[in-house]
Amino acid sequence: MKKSLGSAGELFPQSVFIIASYDEHGVPNAMNAAWAGECSRHEICFNIGDHKSTANIVKKGAFTVAPADAAHVVTADYFGIATGNKVNKEERSGLTFTKSEHVDAPVIEEYPLTMECEVTEIQGDEHGARIVGRIVNTLIDESILGEDGKIDFGKFKPLVYDAAHMTYRVVGEEVGGAWDAGKSLM
């Protein structure tokens, strides 16, 4: 028997993306955004409220996205609960922010995967927006690559946000091959 939950949302885990940007003075900031994802092979899309990062991205037209991993759950959560309007997150986190070679945004060196993005579309303004960015470059630490040269999620251990339980989880085990598991029904 199924139970009706009405218009309940946030039932499925969401990616934990750390979005980094510079303000008008070149001070880096990072925020945790769960309402985000890859919206095509070469684009990132996210919904963002009235945050320092929103204003930064609208002004600079660039950002980086680092999917959080288990090794950085503390700083990932910190980036979501602290506001860059009151604290310098770079200093407080103790992480290393360096200038991207491809966009006007910082790369957080300790995070093993970073997508460098140029803004292509903004629906809204610095007080809240849906932002789309084109991925112009991706940086990956070789320690999370498999023998085939592709990302190994067992090594990477990316986080997802479980809103139903207000917790972070690690992407789990492989359960079947994409475009393969369903072939038995053909």
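For the structure, check the block above.
Computed from a predicted structure; not experimentally measured.

Enquirer: Give me the lowdown on helix α2 (residues 73-81), citing residues and values where you can.
Expert: A turn of α-helix holds 3.6 residues, and therefore any two residues three or four places apart point the same way. Listed in full, the buried residues belonging to α2 are Thr75, Ala76, Tyr78 and Phe79. With its buried residues spanning 160° around the axis, α2 presents them on a single face. Facing away from the buried side of α2 by over 90 degrees, the exposed positions are Val74 and Ile81.

Enquirer: Which residues make up the sheet that holds strand β10 (residues 128-140), and what values do they have?
Expert: The seven strands lie next to each other as β3-β2-β6-β9-β10-β5-β4, forming an open sheet whose pairing is antiparallel. Each edge of the sheet is formed by a strand with only one pairing partner; in this case those strands are β3 (28-33) and β4 (36-40). Between one strand and the next, the sheet's axes are offset by a mean angle of 35°, whatever the strand orientation. As judged from the six bridges shared by strand β2 (residues 17-22) and β3, these two strands associate in the antiparallel manner. Each bridged residue has a counterpart across the sheet, and for Ser21 the counterpart in β3 is Asn29. The strands touched by helix α1 (residues 52-60) within the sheet are β2, β3, β5 (43-48), β6 (62-67), β9 (113-125) and β10, with β2 carrying the most contacts at an inclination of about 55°. Across the face of the sheet, α2 comes into contact with β2 and β3 while running at roughly 95° to β3.

Enquirer: Explain the nonpolar core to me, using residue names and the numbers behind them.
Expert: Counting residues in hydrophobic clusters, the biggest one holds 18 residues, and the most contacted among them are Val16, Ile18, Ala30, Ala68, Phe79, Ile108 and Tyr111. Listing elements by their share of this core, those giving two or more residues are β2, α2 and β11 (159-162). Excluding anything up to four places from it in sequence, Ala30 contacts Ile18, Ile19, Ala20, Ser53, Phe79, Lys89, Phe97 and Ile108. Counting residues in hydrophobic clusters, the runner-up holds 16 residues, among them Ile44, Phe63, Met115 and Ile131.

Enquirer: With reference to specific residues and values, describe the sheet that holds strand β12 (residues 167-170).
Expert: Whenever strands of a sheet pair, they do so through backbone hydrogen bonds, lying parallel or antiparallel. The antiparallel open sheet is built from three strands, whose spatial order is β1-β11-β12. Among the strands making up the open sheet, the edge pair consists of β1 (14-15) and β12. Taken together, the two bridges between β1 and β11 define a ladder with antiparallel strand orientation. Across the sheet, Ser15 pairs through a bridge with Val160, a residue of β11.

Enquirer: I'd like to hear about a nonpolar patch on the surface, residue by residue, with values.
Expert: Side chains of Leu5, Leu11 and Phe12 sit close together on the surface and give an oily, nonpolar patch of about 360 Å² of accessible area. Structurally, Leu11 is set in the segment before β1.

Each value, and the rule that gives it
- What you see as residue numbers is a count from 1 along each chain, following the sequence as written.
- Confidence filtering applies because this is a predicted model: local features only for residues at pLDDT of at least 70, side-chain atom pairs given and counted only at 80 or more, and all residues used for totals across whole chains, interfaces and linings.
- Each side-chain value is worked out from all heavy atoms of the structure, with water and hydrogens disregarded.
- Relative accessibility under 20% of the residue-type maximum defines a buried residue, over 50% an exposed one, and the middle range a partly exposed one, all with a 1.4 Å probe and only protein chains included.
- By definition, any uninterrupted DSSP run of H or I lasting at least four residues is a helix, any uninterrupted run of E lasting at least two residues is a strand, and each is numbered from the N terminus.
- This arc is built from the directions going out from the helix axis to the C-beta atoms.
- Note on pairing: two strands pair once DSSP finds at least 2 bridges between them.
- Axis lines are fitted through C-alpha atoms, for helices just across the contact stretch, and the angle between N-to-C directions can take any value from 0 to 180 degrees.
- The contact criterion used is simple: two residues touch if any of their non-hydrogen atoms lie within 4.5 Å.
- We define the nonpolar core as a collection of buried residues of types Ala, Val, Leu, Ile, Met, Phe, Trp, Tyr and Cys that are connected through side-chain atoms lying within 4.5 Å of one another.
- Residues enter patches when they are more than 30% accessible in relative terms and free of salt bridges; like-charged ones are connected within 9 Å and nonpolar ones (Val, Leu, Ile, Met, Phe, Trp, Tyr) within 5 Å.
- All accessible-area figures derive from a Shrake-Rupley calculation using a 1.4 Å probe, and residue coverage is judged against the displayed protein chains alone.
- The working definition used for a salt bridge is a side-chain nitrogen of Lys or Arg within 4 Å of a carboxyl oxygen of Asp or Glu.

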